[in-house]
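Breakdown of the fold
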Amino acid sequence: MNEEEIGVLLANWDVSEDELENSDDENLIEDENLVDDNENYLDIENLPVEFVTDEGNQYIIIPETAQTPPVRQIRPRVNETRPQVSQSRIPVRQTPRPVDIKNMKWKKGSLIFGENTRPHTNVPLPDNISQLSTPLQFFSLIFTDELYTNIQKQTELFSVQKNPNKPIHVTIPELKRFMGICVYSSVIQVPKVRDYWSTHLGFAPIYNALSQKRFEAIRAVLHFNNNEDMLPRADPNYDRLFKLRPLVSCLNKQFGKIPYSRDLSLDEQMCSTKARNILKQNMPNKPHKWGYKLFVLCDYKGYSYTLEVYTGQENYPKFNDIDIGASGNVVIRLTKDVPSNKNHRLYFDNYYTSVPLIEHLYDRGILGLGTVRRNRVPNNQLPDEKQMKNEKRGFIAERISSYKSTPLSITTWKDNKIVTLLSTYAGAEPKSMLKRFDRRIKTRVDVDCPFVVKEYNRFMGGVDLLDGLIGRYKIKLRSRKWYNRLWYHFIDVSIVNSWLLYKRCQHENNELVNYTLANWRAEIGSTLTSTGVCTPTRGRRSNSLETLMKRVNRTRPTHIPTKDSRTDNTGHIPRREDKRGRCKFPQCKGFTYIKCTKCNCYLCITKNKDCFGKFHTQ
């Protein structure tokens, strides 16, 4: 080394690689008065809360004037210059280091959160949604005309790629009738799909919508993306969900247009299948052990705002702006559209919960609560499992701390099992009482329950509720194509979302809910299967003596079509019958020989009455 290089080396000898002087000297005592108080540097001794001591116990009370801490600006390291070397060699830190998660300090106390501390204002539904009335109108908010057009385009393109000599032309009304048959299959079960067109088990709305041959032809070429644009598997940008990517993006866009509720939950969901595909997962603790795994963000009533199909590629840097681990990145991706600084509350289980995740959500103005694994919270000073086993049922222990200006509370509670929760807004206080059965005395006894457990149990089950609603009436059509199972699952999620949105509208308008989920599905299926239908596509039914006797002696009332079906201005042709019947228009008690060929209803057409025209316009 020459003299010039030696001089540069000596001039920078006291500057460490992290740009902090003497950072490697562990025994160095710093002058606390020299720390800049304006920096976002808070530890357990400087929490952004108020301490209250009552009868020897220490509590944290978040003041009502507390504001969301400003988001810290992280400067790029490219243009930074090293600080000047101190000539007097005084150990002064120009910028304080953030508290390391491994060196967090905890103390006994309780995080008390008032209802007026961080209020949330519920956003009402827009007028264009609150004024909807029919099931098809709510369902059309999700499955838009743009989505139908894209599916039609990709389906016809795939039919040409599959067999250029026999391309299949699919119209949008046919595509809607195809979906209607799929929806009907969730409430009307038969041994196999072709039985819907059979003589004994056939269902008239299905075999009148599409022939069996046409239904199978559409299902064979149903497609959602152009195969020619798919990258090879060796390409680093290859997408395993390429075939369904436009469909997932469109549905998430439509789901997210609904205003978010205050309480949100995030959890896994299984789309059961045993298809041979790389996306299939095995989760032994789930009711359905094999299937596609999805991450879903719901409100506590089950409405899904966004979903993500697990492919194993989500942790690539191109999908994550911030990397806090595989599980935490899922939460960040699904909550990117949640409004910031609106005091939403997010609940999740111990797979996702960590201190960096809770801190990141708090910076965005989102309060977090979840069960946590103790090894993810260092130095928590909670009683270990051996000590907890010796405690009586209902024992509660809580510790408080802060991490980068975020107040934290970790609470452990002994019930049937030991439960540990981490939160930024709730602690053990105020406690409540629960009834538990005591095997020793053979009776129910009162057990203390912390507030944080009560909040978690109240709002965490949104995804489980969604699973239950889907599982009641589920499309079970089998297919050899792996993506068809997900396609049916997305239809189920969309129908449940539309029904929950309808219930939310009725609640905001102070009106009664008139549809059960089964009736909701049946009406959507009925309306879709009658879209664009002019005449039945199947020949006449059997005219055997037994069939004619059933027709003559039947006592069931005539089926009245849905409003969306009778007002679609397609295929409603009056026809004169040999036998007259009572007019089906409300408040009309007349008899007529005129019948609508599509609606199969008698309707008056006379000089003084036009029940036929009113029935198809009102």
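Up top is the structure these notes are about.
First, a word on scope: everything that follows refers to the structure included in this document. None of the values given here were measured: they were computed from a predicted structure.

Examining the overall build of the protein chain
Scanning the protein chain for helices and strands turns up 18 helices and 17 strands. For the protein chain, buried positions account for 46% of its 618 residues. Residue pairs in contact within the protein chain that sit at least 24 positions apart in sequence constitute 65% of those at least 6 positions apart. For the protein chain, the exposed area adds up to about 34900 Å²; of that, 49% sits on carbon and sulfur atoms.

A word on the state of the cysteines
Cysteine pairs can be covalently joined through their sulfur atoms, and such a bond is termed a disulfide. According to the stated counting rule, one finds zero disulfides in the structure shown. Free cysteine C596: the closest other cysteine sulfur is in C599, separated by 3.8 Å. A relative accessible area of 1% means that C596 is categorised as buried.

Concerning the pattern of salt bridges
Summed over the entire model, instances satisfying the criterion amount to 16 salt bridges. R214 serves as the salt-bridge partner of E174, at 2.8 Å between the closest nitrogen and oxygen. Placement of the pair is E174 in helix α5 (residues 172-184) and R214 in helix α7 (residues 212-221), with a sequence separation of 40 residues. Judged by relative accessible area, which is 23%, R214 ranks as partly exposed. R575 is the partner of E577 in a salt bridge, and the nearest nitrogen-oxygen pair spans 2.9 Å. On the basis of relative accessible area, R575 is assigned to the partly exposed category, the value being 41%. When salt bridges with common partners are traced through the structure, they connect R393, D415 and R436 into a single cluster.

What to know about the nonpolar core
Side chains that are nonpolar tend, in soluble globular proteins, to be buried together. In terms of nonpolar packing, the biggest core is built from 103 residues, with F143, L244, W482, L486, W487 and F490 touching the most fellow members. Examining the composition of this core, we find that 15 residues originate from one element, helix α14 (residues 482-508), more than from any other. Here this core gathers at least three residues from each of two domains, domain 1 (99-119 + 259-470) and domain 2 (132-230 + 481-528). When near neighbours in sequence (up to four residues on either side) are disregarded, W487 contacts F143, I151, F178, M179, L222, F224 and L247. One finds Y362, L369, W413 and V453 within the second-largest nonpolar core, a separate group that totals 19 residues.

Describing unusual backbone geometry
A cis geometry characterises the amide bond from E429 onward to P430, with omega recorded as -5 degrees. Note on placement: P430 falls in the loop between β13 (418-423) and β14 (432-438). Backbone geometry at N379 places phi at a positive 60 degrees, although glycine is not the residue there. Within the secondary structure layout, N379 lies in the loop between β10 (366-371) and α11 (385-390). For N569, which is not glycine, the phi torsion reads 60 degrees and is therefore positive. We classify N569 as exposed; its relative accessible area is 65%.

A word on the pairing of strand β12 (residues 406-414)
When you tally the buried positions in β12, you get nine out of nine residues, the bulk of the element. Burial along β12 is two-sided: the residues T406, L408, I410, T412 and K414 and P407, S409, T411 and W413 are all buried. Pairing of strand β11 (residues 396-403) with β12 involves eight bridges; the strand directions are antiparallel. Paired with I400 across the bridge in β12 is S409. Counting the residues between successive antiparallel strands, the hairpin from β11 to β12 contains two residues, one of them, K404, with a positive phi of roughly 55 degrees. Of the pairings in the sheet, the one linking β12 to β13 comprises six bridges and is antiparallel in character. When the bridges of β13 are listed, W413 appears paired with V419.

Focus: the packing of aromatic side chains
With the rule as written, the count across this model stands at 23 aromatic pairs. Their ring planes at 85 degrees and their centres at 6.3 Å tell us that F295 and Y310 sit as a pair that is edge-to-face. With a gap of 15 residues between them, F295 in strand β7 (residues 290-299) and Y310 in the loop between β8 (304-309) and α9 (326-334) connect regions that are remote in the sequence. Residue classification places Y310 among the partly exposed residues on the basis of a relative accessible area of 27%. Taken together, the aromatic side chains of F139, F143, Y148, F224, Y292, W482, Y483 and W487 make up a single cluster linked through ring pairs.

How each quantity is defined
- Residues numbered from 1 in each chain as written.
- Predicted model: local features only at pLDDT ≥ 70, side-chain atom pairs only at ≥ 80, totals over all residues.
- Heavy atoms only, no water.
- Helix = DSSP H or I, 4+ residues; strand = E, 2+ residues; numbered from the N terminus.
- Buried < 20%, exposed > 50% of the residue type's maximum accessible area, 1.4 Å probe, protein only.
- Contact = heavy atoms within 4.5 Å.
- Areas by Shrake-Rupley, 256 points an atom, 1.4 Å probe, with all protein chains shown as cover.
- Disulfide = S-S within 2.5 Å.
- Salt bridge = Lys/Arg side-chain N within 4 Å of Asp/Glu carboxyl O.
- Core = buried A, V, L, I, M, F, W, Y, C linked by side-chain atoms within 4.5 Å.
- Domains from an automatic or database assignment.
- Pairing = 2+ DSSP bridges.
- Phe/Tyr/Trp six-rings, centres within 6.5 Å; stacked < 30°, edge-to-face > 60°.

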